[in-house]
Amino acid sequence: MRNSLIALLIFAALAAAPPVIGGYWTGQLTGYLVYGLLAISLSLVWGYGGILCFGQAMFFGIGGYIMAVITKGMVLPDITSSYLGLIAAMAGAALFALALGYFLFAGRGISGAYLAIITLAIALVLERLMNNWYGLGGYNGLLNVPPIKLTFFGASFELWDRVPTFYAILIVVAVIFFGTTALLNSAYGLRLTACRTHPDRLASLGYSVLNIRLSVFSLSAAIAGLAGALFVTLDGFASPTLIGFTLSTEALIWVAIGGKEMLLAAFLGAILTRTAESWLSEIFGDYWILILGIAFMISVVLLPKGLLATPLEKLTEGKRR
Amino acid sequence: MSELLPVFLDVTSYVLILVLVALGLMIVFGMMGVINMAHGELFMIGAFVMVAAQGAGLPFLAGLVLAPLVVGFLGLLIETALIRHIYHRPLDTILATWGLSIALKQLIVLSFGPESQSVTLPLDGTLTLGAFSYPLYRLVLMAVSAVLIGGTFWLFIRTDFGLMARAVIARPTTAATLGIDTRRMYRWSFVIGTALAGLAGALVAPIISVDPQMGLGYLVPGFLSILVGGAGALAGVLVGGAVVGGVGNLLAVWISPVAALITVYILAILIIRLKPEGILGGRRAK
Amino acid sequence: MLEITGLSAGYGEALVLRDVSCRIAKGQVTALMGRNGMGKTTLLKTIMGLIRAQSGRINFDGASIETRPTHLISRAGIGYVPQGREIFDDFTVRDNLRLSLMGHDAATALPFDKIYGWFPILKERETQRAGTFSGGQQQILAIARALIAGPKLLLLDEPTEGIQPSIVQEIGLQLAKIARETGLSILVVEQNVEMVRILADQVMFMENGAIRESCDIATLRRDDALLHRYLSV
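Residues numbered from 1 in each chain as written. Chains lettered and ligands numbered in written order. Predicted model: local features only at pLDDT ≥ 70, side-chain atom pairs only at ≥ 80, totals over all residues.

Here we take up the overall build of chain A. On a plain count of helices and strands, chain A comes out with 12 helices and 2 strands. In chain A, the succession of α and β elements from N to C terminus is α-α-α-α-β-β-α-α-α-α-α-α-α-α. Each principal axis of the C-alpha atoms in chain A carries an extent, and together these give about 50 × 45 × 45 Å. A sequence separation of at least 24 residues applies to 77% of the contacts in chain A between residues at least 6 apart. (Helix = DSSP H or I, 4+ residues; strand = E, 2+ residues; numbered from the N terminus. Contact = placed C-beta atoms within 7 Å.)

Structure, rendered in structure tokens:
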């Protein structure tokens, strides 16, 4: 409960931000929110589901490409609804995850370090594939992806401007965040914890460990797919970098620095790392990446729970007393 | 025949280098359970030591001696400052060494620039036998790699160090109760693994593009080789390296390199999924 | 030789050993008896440094060893034969023994011939893979592996577990002979009463993580009330 209160405060602060930070930074922050959504999906599957996925961006990229293909009218020229695109992006990413998850986890499944290496290899394969899939733009990707078009009761509104786009995306992110939090606080969350820590015992109680792993893998993929779909409407293009290995590992860094076992910390980890990057990379230039790599290392060694999760947990515990 | 022979030799030289890189990874993974994601960067730094040595006017052989020394010393630092503190948290070693790989890559970008460097061939002759001709350096490279691989196997199978190392791999606590300093074994195995990567990097520097991003291209195939061959026995690396390196390069003769790479990755993933203990079998199936 | 005072140790939060104190004199063979789960194995592991003492002291040969790493405890002269034997299956007999020598100072080490004289079966099978051995032969190898380093104190954890009775007696007699011959001290965790009667001079009884009682072997021979109380046999 306390946790949600802090989350509410943080979302309220985000909602109040645009007038304070101005147009340019509002645009930047919108992008960071979408990265935050990717971080939420990774925290869900890794921190809660116990599945270390080194290729989370593949779901992001799949969602992005599906969104681009649909809203550009490349599938059905007459149906270019943003809603359809978003739903298809989520469903497509989730279905891909379901198939991949079944392949990886069924029977004597793969876990731990092996899983990390295999997901890394799959992300590399997908990136190469997209680079050479000329029907989908190949290396250059798909350009001129239209912005999100909101339609209610016949009226329609295209999200071209920064501020309305920011609020639309903030609402989506908030809904996903609080929805996922509620899900994790339910009996499902308990099963997920049990599945992560004692899969054998859970299996002996009659639960299907495979089904739980598949559900969290697909759910997380759907969220990542949604993030990817939102992202391409912001930038106006979908490229192989969305699906690849670099974004996957960046997401890992955000989530590890923030705190993988806490959705809020992972979300803030993405936003703060990106913000720091845009400020500090100007100051430090090429040294920034060096600093980031070292900070990541130190945070893994000294604060395995995360740089942000540690103080955030203190804060919530302090209020409980 | 004379057309296929150079292809076969190219494939063999690639496989040998891949095995050399994978051996270092395997020693560290098999012994400490540590996944060293920075191994590719250590390979890359080996190549850059060669670049720097040639830049300083040193002969090729000096670079070949310096590279394993410099990279091995770096390995010693990494073990002391980083790995030692987290080797009981295997998944965290993946992340921490990933951070390290980012930092090392950027360190090289800052000192040498992001562009690719060239290393001059120490031997630019070709061996010609009738209709067949082949660059001499590549033949030397193959011979040296084969000797190094053989030497590593000898070290782990025939020597006292190897006996202790295999004991620590099989039963670390029992080895300690017999008076063996397991921490010291971990440290020196890590150093040997990294020095091998550095030496491999220096050896191939003249025939590949040397740039700060080159590590990943060897890291992932290296890991796949270990998992495909089986992490239990050292010989698994030979089989895995031959499958991952050999199949990919042979396929590239008939289909595009990208299609070949995708095919071989998928093949490797399938083998790992269907036979998690690897082709030769191994103990650490997880 | 070995003196333990107020030792507490366990796994994480759960204490297994509570305030254990005992002494083992030089050249003495002490058996540690008690039902399963009373902390006997934990005591041996704590002496070897495989489990860290949370409080208390372990003195060996006049030096405190409770904070030393395992390999240094071994090198100080404590040999350890773990439960389940834990020999190296893929190594030959000779390599199993060599391994133990590599971990120790050559000055205390015994020659191979001495070991082979005590356990001729090992000489016969010197180049065989240890994994092909029967349980009893593996046990002999594990004991030999500890002895070849020339320890002053030997810790044995259930050496008769899962071994056929004829070999139990053979091992017991041989160990008793070695102890007499070399002045080796032994601390043996054992459930097998016959083995204890063959081998031990002293018996300690453990219950709920503490040593409750001890007596010499003559007392035990006269009266088995203690056995009934602590082992419910």
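Right, let's get into the overall build of chain C. The number of helices and strands found in chain C is 10 helices and 10 strands. In terms of overall size, chain C behaves like a compact globule, its C-alpha atoms giving a radius of gyration of 17 Å where 233 residues would be expected to give roughly 17 Å. Its C-alpha atoms give chain C principal-axis dimensions of about 45 × 40 × 30 Å. A buried classification covers 45% of the 233 residues belonging to chain C. (Rg over C-alpha atoms; globule rule 2.2 N^0.38 Å. Buried ≥ 20, exposed ≤ 12 C-beta atoms within 10 Å, placed from the backbone.)

Residues and elements named next belong to chain B. The contact between helix H1 (residues 4–32) and helix H9 (residues 216–229) brings their axes to 9 Å, and the two run at 65°. Between H1 and H9, the angle falls in the class roughly perpendicular. Crossing of H1 over H9 shows right-handed handedness. On H9, the residues that touch Leu 18, Val 21, Ala 22, Leu 25, Met 26 and Phe 29 of H1 are Tyr 218, Pro 221, Gly 222, Phe 223, Ser 225 and Ile 226. (Axes fitted to C-alpha atoms, helices over the stretch in contact; angles between N-to-C directions. Parallel < 35°, antiparallel > 145°, perpendicular 65-115°, else oblique. Left-handed = near helix turned anticlockwise from the far one by under 90°.)

Our focus in this paragraph is the sheet that holds strand S8 (residues 185–189) of chain C. All names here are of chain C. Pairing within the open sheet is mixed, and its 6 strands lie in the order S6-S7-S8-S3-S9-S10. Each having just a single partner strand, strand S6 (78–81) and strand S10 (210–216) make up the two edges of the open sheet. Adjacent strand axes in the sheet meet at a mean angle of 20° when their direction is disregarded. By the bridge criterion, 4 bridges tie strand S3 (residues 29–33) to strand S9 (residues 202–207) in an arrangement that is parallel. Opposite Thr 30, over in S9, you have Gln 202 as the bridge partner. (Pairing = 2+ DSSP bridges.)

This paragraph deals with the sheet that holds strand S1 (residues 2–11) of chain C. Residues and elements named next belong to chain C. The 4 strands are arranged S2-S1-S4-S5 in an open sheet whose pairing can be described as antiparallel. Every other strand in the sheet has two partners, leaving strand S2 (14–24) and strand S5 (63–64) as the edge strands with one partner each. Pairing between S1 and strand S4 (residues 53–60): 6 bridges, direction antiparallel. If you follow Ile 4 over to S4, its bridge partner there is Ile 58. Its contacts with the sheet put helix H1 (residues 40–47) on S1, S2 and S4, and the angle it makes with S2 is roughly 70°.

This part covers the interface of chain B and chain C. At the junction of the two partners, chain B supplies 15 residues and chain C supplies 20 residues. For the side of chain B that touches chain C, the secondary structure elements donating two or more residues are helix H6 (160–170) and helix H7 (172–177) of chain B. Looking at side-chain class alone, the side of chain B that touches chain C contains 7 nonpolar, 5 polar and 3 charged residues. (Nonpolar A, V, L, I, M, F, W, Y, C, P; charged D, E, K, R; others polar.)

Here we take up the packing of helix H10 (residues 236–254) of chain B against helix H11 (residues 257–274) of chain B. All names here are of chain B. Direction vectors running N to C along H10 and H11 enclose 150°, while the axes themselves pass 8 Å from each other. Looking at the two axes, H10 sits roughly antiparallel to H11. As for the relative orientation of H10 and H11, their crossing is right-handed in sense. Contacts between H10 and H11 involve Val 244, Val 247, Gly 248, Leu 251 and Ala 252 from the first element and Pro 257, Ala 260, Leu 261, Thr 263, Val 264, Leu 267 and Ala 268 from the second. Considering only residue class, the contact of H10 with H11 consists of 10 nonpolar, 2 polar and no charged.

The next subject is the environment of Gly 209 of chain C. Residue and element names in this part refer to chain C. Looking at the secondary structure, you find Gly 209 in the loop between S9 and S10. Through-space distance from the C-alpha of Gly 209 to that of Thr 42 is 8.8 Å; in sequence the pair is 167 residues apart. Look past the residues within four positions of Gly 209 in its chain and what remains in contact with it is Leu 15, Val 16, Leu 17, Arg 18, Met 38 and Gly 39.

Another point: the interface of chain A and chain B. Accessible area lost during the coming together of the parts is what is often quoted as the interface size. Each side of the interface is counted separately: chain A has 33 residues, and chain B has 34 residues. When residues of the side of chain A that touches chain B are traced back to their parent elements, those giving at least two are helix H4 (112–131), helix H9 (245–258) and helix H11 (287–302) of chain A. Among the elements that line the side of chain A that touches chain B, the one with the most residues is H4 of chain A, at 13 residues.

Looking now at the nonpolar core. One finds Leu 38, Ala 39, Ala 121 and Ala 266 of chain A together with Leu 155 of chain C to be the most contacted residues of the largest nonpolar core, which totals 273 residues. Among the elements that take part in this core, H1 of chain B stands out by supplying 17 residues, more than any other. Residue contacts for Leu 38 of chain A: discarding those within four places in its chain leaves Gln 56, Phe 60, Ala 224, Ala 227, Ala 251 and Ala 270 of chain A. (Core = buried A, V, L, I, M, F, W, Y, C linked by C-beta atoms within 7 Å.)

A few words now on the environment of Val 7 of chain B. All names here are of chain B. Note that Val 7 resides in helix H1. Given 13 C-beta atoms within a 10 Å radius, Val 7 is considered partly exposed. For the pair Val 7 and Asn 249, spaced 242 residues apart in sequence, the C-alpha separation works out to 8.6 Å.

Non-glycine residue Asn 144 of chain A carries a positive phi angle of around 55°. Relative to the helices and strands, Asn 144 of chain A resides in the loop between H4 and strand S1 (149–152). Positive phi outside glycine occurs at Glu 86 of chain C, with the angle close to 50°. Structurally, the position occupied by Glu 86 of chain C is in the loop between S6 and helix H3 (93–102).

Residues and elements named next belong to chain C. With respect to the helices, strands and loops of the structure, Trp 118 is situated in helix H4 (residues 112–118). Here the alpha-carbon distance between Trp 118 and Ile 47, two residues 71 residues apart in the chain, equals 27 Å. Apart from residues no more than four positions distant in its own chain, Trp 118 is found in contact with Gln 174 and Ile 178.

To continue, consider the UniProt feature "transmembrane region" (unreviewed entry) in chain A. Residues and elements named next belong to chain A. Within this structure's numbering, the places UniProt gives as "transmembrane region" (unreviewed entry) are residues 58–77, 83–105, 112–130, 166–190, 210–231, 251–272 and 284–303. The span residues 112–130 carries 100% helix and 0% strand; its end-to-end C-alpha distance comes to 27 Å. Here residues 210–231 is 100% helix and 0% strand, with 31 Å between the C-alpha atoms at its ends. (UniProt positions renumbered as here; feature names shortened; annotations may be inferred.)

Our focus in this paragraph is the pairing of S10 of chain C. The sheet contact formed by S9 of chain C and S10 of chain C spans 6 bridges and is antiparallel. Bridge assignment links Met 206 of chain C to a residue of S10 of chain C, and that residue is Ile 211 of chain C.

The next point concerns helix H2 (residues 57–71) of chain A. Every α-helix carries 3.6 residues per turn, so stepping three or four residues along brings you back to the same face. All names here are of chain A. In this model, H2 (15 residues) spans 21 Å end to end at C-alpha, consistent with the 21 Å of a helix rising 1.5 Å per residue. Counting buried positions along H2 gives 15 out of 15 residues, so the element sits mostly inside the fold. Where H2 terminates, the next one or two residues include Gly 73, which has phi positive at roughly 75°. (Expected span 1.5 Å × (residues − 1).)

Counted at 1.5 Å a residue, the expected span for H9 of chain B with its 14 residues is 20 Å, and the 20 Å between its end C-alpha atoms agrees. Of all 14 residues making up H9 of chain B, 12 are buried, and the element is well covered by its neighbours. Where H9 of chain B is buried, its residues touch H4 of chain A together with H1, helix H2 (39–55), H10 and H11 of chain B. Immediately beyond the C-terminal end of H9 of chain B, within one or two residues, lies Gly 230 of chain B, with a positive phi of roughly 110°.

Moving on, we get to the confidence of the model for chain C. Residues at a pLDDT of 70 or more form 100% of chain C, whose mean pLDDT is 91. Interface confidence for the predicted complex, expressed as ipTM, amounts to 0.92; the pTM equals 0.90. (pLDDT = per-residue confidence, 0-100.)

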